[in-house]
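# Coordinate analysis (summary)
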Amino acid sequence: MNTGMLTIGEKMLKYPIMQGGMGVGISLHNLAGAVAKEGGIGIISAAQIGFKELDFEKDPLKANLRAMKKELNLARKIAPEGIVGFNIMTAMRYYEEYVKEAVLQGVDLIVSGAGLPTDLPKYVKDSDTKIAPIVSTVKSAKVILKYWDKKYNCTADLVVIEGPLAGGHLGFHKEKLQSLDDKTYQLEVKEIIAEIRKYEKKYEKKIPIFLAGGISTSEDYQKARKLGADGIQVGSRFVTTIECDANMAYKERYLTIKKEEIGIINSPVGMPGRAVLNAFTKRVERGEKFPCAHCHLCMKNCNPSKIDYCITDALTRAAQGDVENGLIFCGAKTYMADKIETVHDVIASFLL
């Protein structure tokens, strides 16, 4: 694999592989630290990261901020010289507080999607923390990069282009997802890359571009490179690793997923999401509602009285091992998983 000698700040990236942020509780210090130790970029998901803290129900913000510090410090112990970042969704309530905590703790990189992170540069100002928006369309790339350029006189340090085959919340309307073919999206990727390269030229710096969504094999990596990307972001392949922070029942469920069990669900966050079609999602699809007994203050625009189910509760149940009554996000190619392996094995598989 040609690394292209990419850097994040002062740190050199050995392999152009970023592990995607997966919450709740799927990519924490163990997985992120292991990926960073191997020479990739390890990403901790900040989404309800403090769900195991004793005071989480009482004060989720305080618990989450404390857990961010804990998880980053533990990842640093695993990979003292590695590149470790946080994935912080723009749609999260208290987004600014989470970003500022990440900066305070000296994280290398903040990856931000699920909305437009328009004011992210303001929160990292005068720090060494680098910033990376997640974009899915030419329009979103243009809006973010133009806004950062005009208002903050800066640009991205890295960009993740997340395609329609990704797991979790997706940056496309459901109708577009159903009609978007691979060839058409490849053209969109090339347009996005061309837009990013304009700012690369203006600011006279390299902006690494990582392609994400359904990246499972070395062939996928080679395809991303041919499209013009510098690297890849991989999520689902890292779930079935020994080092992944998910419950073993969660990992084992990945190994039994059939292609027809992967589908698009309506998330209470207001975005379509790709997940396992298990007993829980089928009940939701039939119109069954799961009243929210207690608000965890997770998303900005969530109204507990109007949602079909609490996404924090659903994701947490799955993370703790209840794979039939919880929500399990996964990529479109997760059905290909057939064994539990190591992070080293996964990264090596992309080097073929």
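Just so it is clear, the structure is predicted and the values come from calculations on it, not from any experiment. (Residues numbered from 1 in each chain as written. Predicted model: local features only at pLDDT ≥ 70, side-chain atom pairs only at ≥ 80, totals over all residues. Heavy atoms only, no water.)

This structure, assessed with the given rule, holds zero disulfides. Looking at Cys-310, it has no disulfide partner, and the nearest cysteine sulfur is the one in Cys-292, 4.3 Å off. The cysteine Cys-330 is free of any disulfide, with Cys-244 supplying the nearest cysteine sulfur at 13 Å. (Disulfide = S-S within 2.5 Å.)

The subject of this paragraph is the side chain of His-169. With respect to the secondary-structure elements, His-169 resides in strand β9 (residues 168–169). Note on His-169: relative accessible area 15%, which makes it buried. There is a polar contact of 2.8 Å between the side chain of His-169 and the side chain of Ser-267. (Helix = DSSP H or I, 4+ residues; strand = E, 2+ residues; numbered from the N terminus. Buried < 20%, exposed > 50% of the residue type's maximum accessible area, 1.4 Å probe, protein only. Polar contact = N/O pair within 3.5 Å; in protein donor to acceptor, adjacent residues only side chain to side chain.)

Sheet architecture is open: three strands sit in the order β9-β13-β12, paired in antiparallel fashion. The sheet is open, and its two borders are formed by β9 and β12 (262–266), each paired with just one other strand. Two elements, β12 and strand β13 (residues 272–276), share five bridges in a ladder whose sense is antiparallel. Bridge pairing in β13 places Ile-264 opposite Arg-274. (Pairing = 2+ DSSP bridges.)

Each aromatic ring pair is described using two quantities: the centre-to-centre distance and the angle formed by the ring planes. Summed over all chains, the structure comprises six aromatic pairs. Ring geometry for Tyr-250 and Tyr-254: centres 5.7 Å apart, planes at 25 degrees, overall stacked. Here Tyr-250 pairs with Tyr-254, and both are found in helix α10 (residues 248–256), just four residues apart, close to one helical turn. Among the residues examined, Tyr-250 registers a relative accessible area of 4% and is labelled buried. One aromatic cluster is present, built from ring pairs that chain together Phe-280, Phe-290 and Tyr-309. (Phe/Tyr/Trp six-rings, centres within 6.5 Å; stacked < 30°, edge-to-face > 60°.)

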